[in-house]
Amino acid sequence: MTIEFFMLLAVFLAVLLATVRPLGRYFAWIMDGRPAWGPLAALETRLLRLCGVDDSEMDWRHYALGLLIFSLIGTLIVYALQRLQLWLPLNPQHFGAVTPDSSFNTAISFVTNTNWQGYAGESTMSYLTQMLGLAVQNFLSAASGIAVAFVLIRAFARHSTRLLGNFWKDTYRITAYALLPISFVLALVLVSQGVIQNFLAYQNVTTLEPTSYTTPKLDAAGQPVKGADGQVINETVVVPQQTIAMGPVASQEAIKELGTNGGGFFNANSAHPYENPNALTNFLEMLAVPLIPAALVYTFGFAIGDTRQGWALLAAMVLVFAVAVTLLAAAEHQGNPAIGALGVDQAHTALQSGGNMEGKETRFGIAASVLFDAVTTTTSCGAVNSMIDSYTPLGGMVPMALIQLGETIFGGVGSGLTGMLVFALVAVFIGGLMVGRTPEYVGKKIESFDMKMVSIAVLLMPILVLVGTAFAAVLPVGLAGLANPGAHGFSEMLYAFTSAANNNGSAFAGLSANTPFYNGLLGVAMLFGRFWVMVPILALAGSLAAKKRIPAGSGTMPTHGAMFISLLIGTLLLVGALNFFPAWALGPIVEQLSPLASH
Amino acid sequence: MKHVRPALSLFVLLTVLTGLIYPLVVTGVAQVLFPWRANGSLLAVDGRPVGSALIGQNFTSPGDFWGRPSATSPYPDNAQASSGSNLGPTNPALIDAVKARIAALRAADPDNHAPIPVDLVTASGSGLDPQISLAAAYYQADRVARARHLPLAEVKALIAKTARQPWLNLFGTPRVNVLELNLALNALRAEHLD
């Protein structure tokens, strides 16, 4: 643990919290649908009319239907772009069609805001697929997540109504007034620091030293040549050049973080120097991730006329986050005992970051690596600037547990707020049971139907994760993909299903997940994890909006003080631990206790 | 199905806006304001491109500074296949790889008994890390000076000149760019020959 880490954490939280109020109010303005500055308002009216959008509001069923149709179109287009990219423009490396199962997985992955990646970007996707398929969904999946949060906010703010907003108008306004302008500025700052933005073919350079490597000799049919003794013959290949992947990276990088998407242009994601060249870009990319999720919590409090309610939820998020990331930093600063035993210097000094550096970049060291990965796993972003598969066992467990809390600590754009509100309802429900009163939250009575929807939203994810992991762990096709033996291999599978069902997208990336088995099963987990949570939440919104607003009485539990914040955190941790503790025990905990680690 | 028309037309509209206009405008502005960086921060010697300031290269000769080990496939520092090793901390394959890297460093510099800085024996996350820690650079200074027949002080001065320190003690780590350092060494040799 170092002073640098605590300073970085403090500055990060201070800057983030300073943006909450102004940006939260801005989102309230977007949500209210009030006209923008002259020409923009005229443009909005004309474009929406051109699209056949009428100005009327929808009930929750129509809102959900619009969202599902919109997502279905997106899925089909992303699938088609991947399958047809060979015949489409902007494909300088002439990449062929992506396989059907991988295309299916990736299409769902980007439409559900997961951005799980079974493929390696720079050797699979054409510039057109990246730009017109994947990056577009980075915008639209983020917009639909925020739209659902708008609906739930309206449900609490309104009373005795069925009307909850217009999905098309919300989607347009979120994209045009928030996501696009912020992304544009961020993209240009990223380019100024070295993130690339071009349409060039991959560049060949002559390296200072040639690289040579041995590889099995292949015959004309691509089969290894065998000698008289039946052994494979190896040959030495000398590579005098480096071929450097290019592309329109910065524009995609900006929305990848801002929309909590996380799908990297390159295989190494934000560890790649062209996605994240220095400590400043790292800080900005980190900041962009929880920017909107944190602001929307304020929007909620602002819209219901009691900002204390928003601050209470935000306080719970910040507290859990700060403790978790500190644990993570402590684990990684310790370094790897097995490597330390070989006489390697892992100490933190003025000349090196030290710590567990396998899978981490020199320019980030431990502090900026763990903070980045904690930010992207608490939110549904899932970008990484260091390889979680190579974290220490307890270090790797922290990101996994953060996702398994349902991504409510900041969470995804929109889905984080709705997830946290769902847990707030669970907390007041438990509180109500203790004192024997009907639970209420910010002026709404919480009744049987509401709790049913809440239960579906809370319980679906653990079912997907645990059942999916169980299948992978007993089927040979599941075990075939593991990169590491033993308990660590189990963690790889558990992490994959955790990531998919929570629409996170980060990975213990050693798992070879680009197989029909994993592409299919993880695709289904992502689909259910997104829409089978969103639809119950919209139904909950419909029920809440129809209720009258009841004034707070003497028996109402206040939901803005330290008592409620503790109850909320307790509920979150209790549900998470009850669901996942046995699985943690089989993976990261047993690995930490294994003989090699305790050398 | 009154939702189908708005769904289709809004999808087309937003695709054009976010998938074409946005990246093309960013590209246009970037190419005007920051052309060198937007095109990959490529470095040239005598007009010939020799690499990127942001992409690591593989160095194995004793006279060059070595960079971070790279787990890209099929050869190290493959800049069209970025990747980490993804080996878990208790995986015997990781420990074997670290042992092999230690052996290579010791073989190239048998008299150096200092503890080896951890970033010299662990694979980077991208496989393309362009930098090493200052500790890793100073660890190699003696070997490089001997192989190039340069005074040790001159090599150390070059490291100090190329080094980057954390900004405000907050952003970044003490580090040095390996390609820039080796290019500076080559330039130094050219100077000596003159």
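Everything quoted here is computed from the prediction, not taken from an experiment.

Scoring rules and cut-offs
- Residues numbered from 1 in each chain as written.
- Chains lettered and ligands numbered in written order.
- Predicted model: local features only at pLDDT ≥ 70, side-chain atom pairs only at ≥ 80, totals over all residues.
- Heavy atoms only, no water.
- Helix = DSSP H or I, 4+ residues; strand = E, 2+ residues; numbered from the N terminus.
- Buried < 20%, exposed > 50% of the residue type's maximum accessible area, 1.4 Å probe, protein only.
- Areas by Shrake-Rupley, 256 points an atom, 1.4 Å probe, with all protein chains shown as cover.
- Lys, Arg positive; Asp, Glu negative; His and termini not counted.
- Charge placed at Lys NZ, Arg CZ, Asp CG, Glu CD.
- Rg over C-alpha atoms; globule rule 2.2 N^0.38 Å.
- Contact = heavy atoms within 4.5 Å.
- Buried area = accessible area lost by both parts, 1.4 Å probe.
- Salt bridge = Lys/Arg side-chain N within 4 Å of Asp/Glu carboxyl O.
- Polar contact = N/O pair within 3.5 Å; in protein donor to acceptor, adjacent residues only side chain to side chain.
- Domains from an automatic or database assignment.
- Core = buried A, V, L, I, M, F, W, Y, C linked by side-chain atoms within 4.5 Å.
- Phe/Tyr/Trp six-rings, centres within 6.5 Å; stacked < 30°, edge-to-face > 60°.
- Lys NZ or Arg CZ within 6 Å of the ring centre and 35° of its normal.
- pLDDT = per-residue confidence, 0-100.
- Patch = residues over 30% accessible without salt bridge, like charges linked within 9 Å, V, L, I, M, F, W, Y side chains within 5 Å.
- Axes fitted to C-alpha atoms, helices over the stretch in contact; angles between N-to-C directions.
- Parallel < 35°, antiparallel > 145°, perpendicular 65-115°, else oblique.
- Nonpolar A, V, L, I, M, F, W, Y, C, P; charged D, E, K, R; others polar.
- Expected span 1.5 Å × (residues − 1).

Colleague: How should I be thinking about the overall build of chain B in this particular structure?
Modeller: Along its length, chain B carries six helices and five strands. In chain B, the succession of α and β elements from N to C terminus is α-α-β-β-α-β-β-α-α-β-α. Seen along its three principal axes, the alpha-carbon backbone of chain B occupies a region of about 80 × 50 × 35 Å. Counting every position in chain B, which comprises 194 residues, the buried fraction comes to 56%. Put simply, chain B shows about 8000 Å² of open surface, and 62% of that area lies on carbon and sulfur atoms. Here chain B carries 16 positive and 13 negative side-chain charges, and the mean point of each set is 11 Å from the other.

Colleague: Even after reading the chapter, I still don't get the overall build of chain A, so can you show me in this structure?
Modeller: Tallying secondary structure elements over chain A gives 18 helices and five strands in all. Its C-alpha atoms give chain A a radius of gyration of 24 Å, within 12% of the compact-globule value 25 Å for 599 residues. Seen along its three principal axes, the alpha-carbon backbone of chain A occupies a region of about 85 × 60 × 50 Å. If you average the places of the 26 positive and of the 31 negative side-chain charges in chain A, the two averages end up 18 Å apart.

Colleague: Can you walk me through the interface of chain B and chain A in this structure?
Modeller: The extent of an interface is frequently quoted as the accessible surface area lost upon association of the parts. Counting residues at the interface gives 104 residues for chain B, matched by 115 residues for chain A. For the pair chain B and chain A, the two sides together bury roughly 8800 Å², of which 68% comes from carbon and sulfur. It is B:Phe11, B:Tyr22 and B:Asn86 that lose the most area in chain B upon contact with chain A, and together they represent 9% of the buried surface on that side. Linking chain B with chain A are zero salt bridges. At the junction of chain B with chain A, the criterion picks out 44 residue pairs in polar contact (both at pLDDT 80 or more). Among the secondary structure elements, those contributing two or more residues to the side of chain B that touches chain A are α1 (4-33), α2 (35-38), β2 (48-52), α3 (92-108), β3 (116-117), β4 (131-133), α4 (134-148) and α6 (178-193) of chain B.

Colleague: Would you mind going over the domain arrangement of chain B with me for this structure?
Modeller: The domain architecture assigned to chain B consists of domain 1 (1-39) and domain 2 (41-193). Put simply, the middle of domain 1 of chain B and the middle of domain 2 of chain B, counted by C-alpha atoms, are 39 Å apart.

Colleague: Can you walk me through the domain arrangement of chain A in this structure?
Modeller: Considered domain by domain, chain A is made up of domain 1 (20-201 + 247-285) and domain 2 (203-244). Just the C-alpha atoms count here: the centres of domain 1 of chain A and domain 2 of chain A sit 41 Å apart.

Colleague: For this particular structure, what's the right way to read the pattern of salt bridges?
Modeller: Pairing between side chains of opposite charge can happen when their charged atoms approach one another. Residues and elements named next belong to chain B. Inspection of the entire model under this criterion finds 20 salt bridges over all chains. Its salt-bridge partner being arginine 146, residue aspartate 142 comes within 3.7 Å of it at the nearest N-O pair. On the criterion of helical spacing, the pair formed by aspartate 142 and arginine 146 is a turn pair, its members being four residues apart in helix α4. Residue classification places arginine 146 among the partly exposed positions, given a relative accessible area of 42%.

Colleague: Honestly, the environment of A:Pro558 in this entry has me stumped. Any pointers?
Modeller: Assignment of secondary structure puts A:Pro558 in the loop between α17 (516-546) and α18 (562-593). Separated by 249 residues in the primary sequence, A:Pro558 and A:Gln309 place their C-alpha atoms 9.4 Å from one another.

Colleague: I would appreciate a short explanation of the nonpolar core in the present structure.
Modeller: One recurring pattern in soluble globular proteins: nonpolar side chains tend to sit buried together. By size, the foremost hydrophobic cluster in this structure holds 240 residues, and its most contacted members are A:Phe27, A:Phe156, A:Leu179, A:Phe300, A:Leu313, A:Phe321 and A:Tyr441. Residues within four places of A:Phe156 in sequence aside, it is in contact with A:Phe300, A:Ile304, A:Leu421, A:Leu425, A:Tyr441, A:Val442, A:Lys444, A:Leu544 and A:Arg549.

Colleague: Would you mind going over the packing of aromatic side chains with me for this structure?
Modeller: Any pair of aromatic rings gets described here by the distance separating the centres and the angle formed by the planes. Tallying each qualifying case throughout the model produces 32 aromatic pairs over all chains. With a centroid separation of 5.1 Å and an interplanar angle of 70°, the aromatic rings of A:Phe167 and A:Trp168 are classed as edge-to-face. Seen in terms of ring centroids, A:Phe497 and A:Tyr518 are 6.4 Å apart; in terms of plane orientation they differ by 45°. Their pairing is tilted. Separated by 21 residues along the polypeptide, A:Phe497 in helix α16 (residues 486-501) and A:Tyr518 in helix α17 bring together distant segments of the chain. A:Tyr518 shares its class with A:Phe497; the two are buried. A connected cluster of aromatic rings, assembled from ring pairs, spans A:Phe12, A:Phe283, A:Phe321, A:Phe410, B:Trp167 and B:Phe171. A cation over a ring is seen here: A:Arg173 above A:Trp29, with NZ or CZ 4.9 Å from the ring centre.

Colleague: Got a minute to help me understand the confidence of the model for chain B in this structure?
Modeller: Fine structural detail should not be taken from predicted coordinates in areas where pLDDT scores are low. Summing up the model confidence of chain B, the mean pLDDT is 93 and the portion of residues at 70 or higher is 97%. Taken together, the chains of this predicted complex give a pTM of 0.93 and an interface ipTM of 0.96.

Colleague: Looking at this model, I keep getting lost on a nonpolar patch on the surface. Mind explaining?
Modeller: Residue and element names in this part refer to chain B. A cluster of nonpolar side chains, contributed by Val12, Val16, Leu20, Ile21, Leu24 and Val25, occupies part of the molecular surface with about 450 Å² of accessible area. Relative to the assigned elements, valine 16 resides in helix α1. You can call valine 16 partly exposed: its relative accessible area is 35%.

Colleague: Even after reading the chapter, I still don't get the packing of helix α9 (residues 307-333) of chain A against helix α13 (residues 415-435) of chain A, so can you show me in this structure?
Modeller: Axis angle and axis distance: for two packed helices, these are the angle between their axes and the distance between the axes, and together they describe the pair. All names here are of chain A. Following both chains from N to C, one finds α9 and α13 inclined at 100°, their axes separated by 11 Å at the closest point. It follows from the interaxial angle that α9 and α13 lie roughly perpendicular. Between α9, through Leu313, Ala316 and Met317, and α13, the contact on the second element is made entirely by Leu417, Met420, Leu421 and Ala424. Its residues placed into classes, the contact of α9 with α13 shows seven nonpolar, no polar and no charged.

Colleague: Looking at this structure, I do not really get the packing of helix α5 (residues 127-157) of chain A against α13(A). What am I missing?
Modeller: All names here are of chain A. At their nearest, the axes of α5 and α13 sit 8 Å apart, and the two run at 40° to each other. By the angle between their axes, α5 is oblique relative to α13. Along the contact surface, α5 presents Gly145, Val148, Ala149, Leu152, Ile153 and Phe156, while α13 presents Ser415, Leu417, Thr418, Leu421 and Leu425. Across the contact of α5 with α13, the residue classes tally to eight nonpolar, three polar and no charged.

Colleague: Just to check I follow, could you spell out unusual backbone geometry for this structure?
Modeller: The general pattern is negative phi for most residues beyond glycine and trans for most peptide bonds. Residues B:Ser73 and B:Pro74 are joined by a peptide bond in cis, for which omega reads -5°. Unlike most non-glycine residues, A:Asn115 shows phi in positive territory, near 60°. With respect to the element layout, A:Asn115 can be found in the loop between α4 (100-111) and α5. Of note in this structure, B:Ser41 is not a glycine but carries a positive phi near 50°. In this fold, B:Ser41 is placed in the loop between α2 and β1 (42-45). Assessed through its relative accessible area of 2%, B:Ser41 is described here as buried.

Colleague: Where do I start with α4(A) in this structure?
Modeller: Counting along an α-helix, one turn takes 3.6 residues, and residues three or four places apart therefore face a common direction. Residues and elements named next belong to chain A. Helix length check: α4, at 12 residues, gives a terminal C-alpha distance of 16 Å against a target of 16 Å (1.5 Å per residue), a fit within 8%. Across the 12 residues of α4, nine count as buried, placing the element largely inside the fold. Every buried residue of α4 is listed here: Ser102, Ser103, Asn105, Thr106, Ala107, Ile108, Ser109, Phe110 and Val111. At the C-terminal side of α4, asparagine 113 shows a positive phi close to 65°.

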